[in-house]
Amino acid sequence: MIKAVRGTRDLLPPETALWNFVEAAARDIFRAYNFQEIRTPIFEETQLFARSVGEETDIVSKEMYTWEDGTEPADYALYEEWLIRRYPGIGTLERMGPDFSKRKVFGPTLRVHPKGKTSPTVVRFSHRATFQDVHNLTEARERGTGHPSGKPQLLLVTLSATLSESVRAFAKKEGVEIEELTLKDFAPPQSLTLRPENTAGVVRAYIEHKLWERGLNKLFYIGPQFRRERPQKGRYRQFYQIGAEVIGPPSAGSESPARDAELLEMLATFLERLGITDWDLQLNSVGCPNDRAAYNEALRKALEPVVAKMCVDCQRRAVTNPLRVFDCKVPEDQPIIETLPRISQYLDEPCRKHFAQVKDILTFVGVEFQENDRLVRGLDYYTRTAFEFTHGALGAQNAILGGGRYDGLSEALGGPQAPGIGFAIGEDRLVMSLKETADAVQHKPDVYIAPLGDGMNREAARLARELRRRDLIVELGDESFRLKKSFETADKLGAKFTLIVGENEVKSGNFALKNLGTGEQVSVPRSELAQKIQSSR
Ligand code: AMP
């Protein structure tokens, strides 16, 4: 039996009703705060995440689903085009066998029969030529060509940059000619990655579509993200995030602490709307590049005498990106981390002021928070405000959402200055913490229509059509069911009423409507059915 891959799962009814409820509530809130939806692709160039999330983060260094997207067999046309350019007097071209299916990177083989020439040429394409490519060609020679002149010429087409001396020597020995191309001549495979988060994609789209022309952008997204983490409760390899970004040119006010406070207040309102009241907002400022240099230096110094006692990851981080030491989850390292200097001591005046203003507005509008100067978040692009909302009921994986400012991200991706702030809610965890509300958000049929006797399916269908147009949830039975079976089915579905559609009812225009909760059964004229059912909602 084929099962869902480890770390992924099916979301099934009735639980999906809870997901819809959460997403509908999010959309309502986003509308009230004037956010609009953006949908970016599920995969992007790997470089996008390496440059934004950061090479040294757990996400980029070990959790991404990355692959080389080679040219597919369908791109034969591309090679044929190239061959026609190389052999202007070409006679015919023949595609040879689907052996490329075994390779990740393309390597189709074609046979060229140049006009007027005595023997054909077998050409193989390979981005990264290997001994195997040479073998494949010599095999083609062994097989012969059926041409009176016997052996074909062999040509391996590859990228100069990837060609090793040993492959070159081997090809020469085997009588395989090599033609070297540069990247310009044909597209190399691209490194692609399933998105591990969505901010990078949004900022890429902001730059690509010059969204600064619209001033301040308030964008939200809802969708799956992918990280190869060790699966456990509340942690999946395909998980879902609901997130939002406020990004724009500084002239549009994108840098203002008022935007940070607005976003945080919106989150508090959203959680309360869902009935989650026992959340904690952990708030910190991680400063800006100015502060970071001095702080990193202080961290390096403080780590020097103690780092040998820490885990190997921390030993590496101490050299490459000391701030990431705060991501460490190893219990033995925690007492050491507790003694390290904190970013809060290194904030410059503008950052300090910005943070103070965010806190001031939050206090003024009545959003509670806790300052936590250990909070650095697991992504490199954060500047200034960084935050997490946690929820005690969730246990170890207690962060429901996280976010922060990323004032330099656009520039790091080659865009203009575009300060921004955003967050991502872990939808899986949010839904998990709402399990008690699950029942309240289920949609059950208002009425179950039980056609009774031959020919009644069509009458029932017509009645269902009328009632559904009045916005009622209607389930249809079947004329082959006995009445008892219809009642049992209606009961199982949790329908409020059963409506019996038999020959007598159709003739008289009065229908037996039974309230399954109270057991009361009344006869209702067709024209009053919808209203009668609606009034009991
Ligand atoms: P991050 O993008 O790491 O800041 O994560 C934002 C939120 O997404 C976290 O607070 C979690 O609620 C959620 N999240 C992150 N990784 C996972 C995962 N592997 N499975 C489920 N939820 C996750």
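Keep in mind it's a predicted model, so treat the numbers as computed, not measured.

Draft legend 1. Local environment of the overall build of the chain. Broken down by element type, the chain carries 18 helices and 21 strands. Relative to the 2.2 N^0.38 estimate, which gives 24 Å for 537 residues, the radius of gyration of the chain is 32 Å and therefore markedly larger than a compact globule would have. If one aligns the C-alpha atoms of the chain with their principal axes, the spans along those axes are about 95 × 75 × 50 Å. Looking at the chain as a whole, 50% of its 537 residues qualify as buried.

Draft legend 2. Quick look at the confidence of the model for the chain. Considering every residue of the chain, the mean pLDDT works out to 90; 93% of them sit at 70 or more. Here residues 98-106 is a poorly scored stretch, pLDDT under 50, and it has 23 contacts once near neighbours within four places are set aside; other chains count.

Draft legend 3. Spatial organisation of the packing of aromatic side chains. For the structure on display, the rule yields eleven aromatic pairs. Here the aromatic cluster, defined as three or more aromatic residues joined through ring pairs, consists of F30, F35, F220 and F423. In this structure, R9 is placed above the aromatic ring of Y236, and the distance from its NZ or CZ to the ring centre is 4.0 Å. Between K485 and the ring centre of F481, over which it is positioned, the NZ or CZ distance is 4.2 Å.

Draft legend 4. Looking closely at the sheet that holds strand β5 (residues 109-114). Pairing in this open sheet of five strands is mixed, and the strands run β4-β5-β6-β7-β8 from one edge to the other. Edge strands, defined here as strands with exactly one partner in the open sheet, are β4 (90-96) and β8 (177-181). Across the sheet, the mean angle separating the axes of adjacent strands is 25° when strand polarity is ignored. The pairing of β4 with β5 spans six bridges and is classified as antiparallel. Residue T92 lies in a different strand from β5, and its bridge partner there is H113.

Draft legend 5. Expanded view of helix α15 (residues 456-469). If you check α15, its first and last C-alpha atoms are 20 Å apart, about what 14 residues at 1.5 Å a residue would give, namely 20 Å. Within α15, burial applies to M456, E459, A460, L463, A464 and L467. The buried residues of α15 occupy an angular sector of 135° when the element is viewed end-on, so they sit on one face. Opposite its buried face, α15 presents the exposed residues R458, R462, R465 and R469, each directed more than 90 degrees away. Those residues of α15 that are buried lie in contact with β17 (447-452), β18 (474-476), β19 (497-502), α17 (503-508), β20 (510-515) and α18 (529-534).

Draft legend 6. Highlighting the layout of surface pockets. What the second largest pocket holds in volume is close to 180 Å³. The wall of the second largest pocket is formed by E44, E45, Q47, L48, R51, R204, I207, E208 and L413. Secondary structure elements with two or more residues in the lining of the second largest pocket: β2 (43-45), α2 (46-52) and α7 (199-208). Of the residues that constitute the lining of the second largest pocket, the class distribution is three nonpolar, one polar and five charged.

Draft legend 7. Layout of the state of the cysteines. Under the definition given, this model contains zero disulfides. The structure places no disulfide on C311, whose sulfur is separated from the nearest cysteine sulfur, that of C314, by 3.6 Å.

Draft legend 8. Highlighting the site of the ligand. If you check the shell around the ligand, you find 15 residues, and the closest are R227, E229, Y236, R377 and A399. Q241 has a polar side-chain atom sitting 3.0 Å from an oxygen atom of the ligand. One of the side-chain N or O atoms of R377 is found 2.3 Å from an oxygen atom in the ligand. Compared with its free state, where it exposes 480 Å², the ligand has 92% of that area covered by protein. Those elements that place two or more of their residues in the shell around the ligand are β11 (238-247), β15 (399-405) and β16 (420-426). Here the element with the most residues in the shell around the ligand is β15; it accounts for three residues. Grouping the amino acids of the shell around the ligand by side-chain chemistry returns seven nonpolar, three polar and five charged.

Draft legend 9. Structural context of the pairing of β19. Of all six residues making up β19, six are buried, and the element is well covered by its neighbours. Side chains F497, L499 and V501 project from β19 onto one buried face, and the interleaved T498, I500 and G502 project onto a second face that is buried too. In this structure, β17 lies alongside β19, joined through six bridges in parallel fashion. In the sheet register, P451 faces β19, and the bridge partner there is V501. When β19 meets β20, the two strands line up antiparallel, connected through four bridges. Following the sheet pairing, L499 is matched in β20 by L513.

Draft legend 10. Representation of the pattern of salt bridges. What the rule picks out here adds up to 36 salt bridges. Salt-bridge contacts for D58 lead to K62; the nearest nitrogen and oxygen are separated by 3.7 Å. With a gap of four residues between them, D58 and K62 both fall in helix α3 (residues 58-63), about one helical turn apart. Between R168 and E180 there is a salt bridge, with the nearest N and O atoms lying 2.5 Å from each other. Taken together, the positions of R168 in helix α6 (residues 165-173) and E180 in strand β8 put the pair twelve residues apart, joining distant regions of the chain. Residue E180 is classed as partly exposed on the basis of its relative accessible area of 35%. Residues joined by salt bridges that share partners form a network here, namely E56, D58, K62, D313, R316 and R317.

Parameters at a glance
- Residues numbered from 1 in each chain as written.
- Predicted model: local features only at pLDDT ≥ 70, side-chain atom pairs only at ≥ 80, totals over all residues.
- Heavy atoms only, no water.
- Helix = DSSP H or I, 4+ residues; strand = E, 2+ residues; numbered from the N terminus.
- Rg over C-alpha atoms; globule rule 2.2 N^0.38 Å.
- Buried < 20%, exposed > 50% of the residue type's maximum accessible area, 1.4 Å probe, protein only.
- pLDDT = per-residue confidence, 0-100.
- Contact = heavy atoms within 4.5 Å.
- Phe/Tyr/Trp six-rings, centres within 6.5 Å; stacked < 30°, edge-to-face > 60°.
- Lys NZ or Arg CZ within 6 Å of the ring centre and 35° of its normal.
- Pairing = 2+ DSSP bridges.
- Axes fitted to C-alpha atoms, helices over the stretch in contact; angles between N-to-C directions.
- Expected span 1.5 Å × (residues − 1).
- Arc of directions from axis to C-beta.
- 1 Å grid on protein atoms, 1.4 Å probe; cavity = no way out; pocket = protein on both sides within 12 Å on 5 of 7 lines; lining within 4 Å.
- Points joined across faces, edges and corners; volume = space filled by probe spheres on them.
- Nonpolar A, V, L, I, M, F, W, Y, C, P; charged D, E, K, R; others polar.
- Disulfide = S-S within 2.5 Å.
- Near = heavy atom within 4 Å.
- Polar contact = N/O pair within 3.5 Å; in protein donor to acceptor, adjacent residues only side chain to side chain.
- Areas by Shrake-Rupley, 256 points an atom, 1.4 Å probe, with all protein chains shown as cover.
- Salt bridge = Lys/Arg side-chain N within 4 Å of Asp/Glu carboxyl O.

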